Every structure is written in structure tokens, then in C-alpha cells.
Amino acid sequence: MSQSKIGANLTSALFPAAGLYLSWWLLKEVGELVAGIAFVVLCVNYFWIMRNLRKSGE
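Here, residues in each chain are numbered from 1, in the same order as that chain's written sequence. With pLDDT at 70 or above as the cut-off, local features in this predicted model cover only qualifying residues; side-chain atom pairs require 80 or more to be listed or tallied, and sums for whole chains, interfaces and linings still use all residues. The basis for every side-chain value is the complete set of non-hydrogen atoms in the structure, without hydrogens or water.

Q: Would you mind going over the overall build of the chain with me for this structure?
A: Numbering of helices and strands runs from the N terminus; a helix is a DSSP stretch of H or I covering at least four residues, while a strand is a stretch of E covering at least two. Regarding its fold elements, the chain presents 2 helices and 0 strands. Partly exposed residues are those whose accessible area sits between 20% and 50% of the maximum for their type, while under 20% is buried and over 50% is exposed, using a 1.4 Å probe and protein chains only. In the chain, which comprises 58 residues, the share counted as buried stands at 17%. By element, 69% of the accessible surface of the chain is carried by carbon and sulfur atoms, the whole surface being about 4,600 Å². Note that accessible areas follow from Shrake-Rupley with a 1.4 Å probe, and for residues the cover is restricted to the protein chains shown.

Below is the structure:
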């Protein structure tokens, strides 16, 4: 298994879990608006990272 595949698999597994935890924590500490904005930013960042990992693996 190549390093780019291992990196893609780790990112695809760990990044969403960390993003959901951060959003949940922000919801409790700061409020809905900040948690919602952070969640949207993290989702866009996740899809951007995965697209770039897929391109680098080809």
C-alpha cells in the first residue's frame, strides 16, 4: 500500500471525527451560529483535502 493511499485512508477516517467533535464542543461552549459556521468550513476543507489527495494519488 502506498503512502498516499495510507494518508488518504487516515484523513478520510480521522478528519470527519475530529470535525464533528469540534463542532459539538463549540455548540456547547459558544453557540449554534459559531458551531454551524465551523462545521461548514470543516466540511469544505475536508472535501478540498480529499480531492487533492485523490489527484496526488493518480
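Next comes the rest of the description.
Q: Any chance you could explain helix H1 (residues 3-29) here in plain terms?
A: Within an α-helix, residues lying three or four positions from one another point in the same direction, as the helix has 3.6 residues per turn. To estimate how far a helix should extend, the number of its residues minus one is multiplied by 1.5 Å. Helix length check: H1, at 27 residues, gives a terminal C-alpha distance of 37 Å against a target of 39 Å (1.5 Å per residue), a fit within 8%. Within H1, the full set of buried residues consists of Ala8, Thr11, Gly19, Ser23 and Leu26.

Q: It is not clear to me how the packing of aromatic side chains should be interpreted in this structure. Could you clarify?
A: Each aromatic ring pair is specified by the distance between its two centres and by the angle formed by the two planes. Geometry of aromatic contacts follows a simple scheme: Phe, Tyr and Trp rings, the Trp one being its six-membered ring, pair when their centres are within 6.5 Å, and the pair is stacked under 30 degrees between planes, edge-to-face over 60, tilted otherwise. Overall, the coordinates contain 3 aromatic pairs when judged by the stated rule. Between Tyr21 and Trp24 the ring centres are 5.6 Å apart and the planes differ by 45°, which places this aromatic pair in the tilted class. You can see Tyr21 and its partner Trp24 sitting in helix H1, 3 residues apart, about one turn around the helix. For Tyr21, a relative accessible area of 53% translates into the label exposed. According to the relative accessible area criterion, Trp24 is partly exposed, its value standing at 44%. Plain terms: the ring middles of Tyr46 and Phe47 are 5.4 Å apart, the flat faces sit at 65° to each other, and that makes the pair edge-to-face. Residue classification places Phe47 among the exposed residues on the basis of a relative accessible area of 57%.

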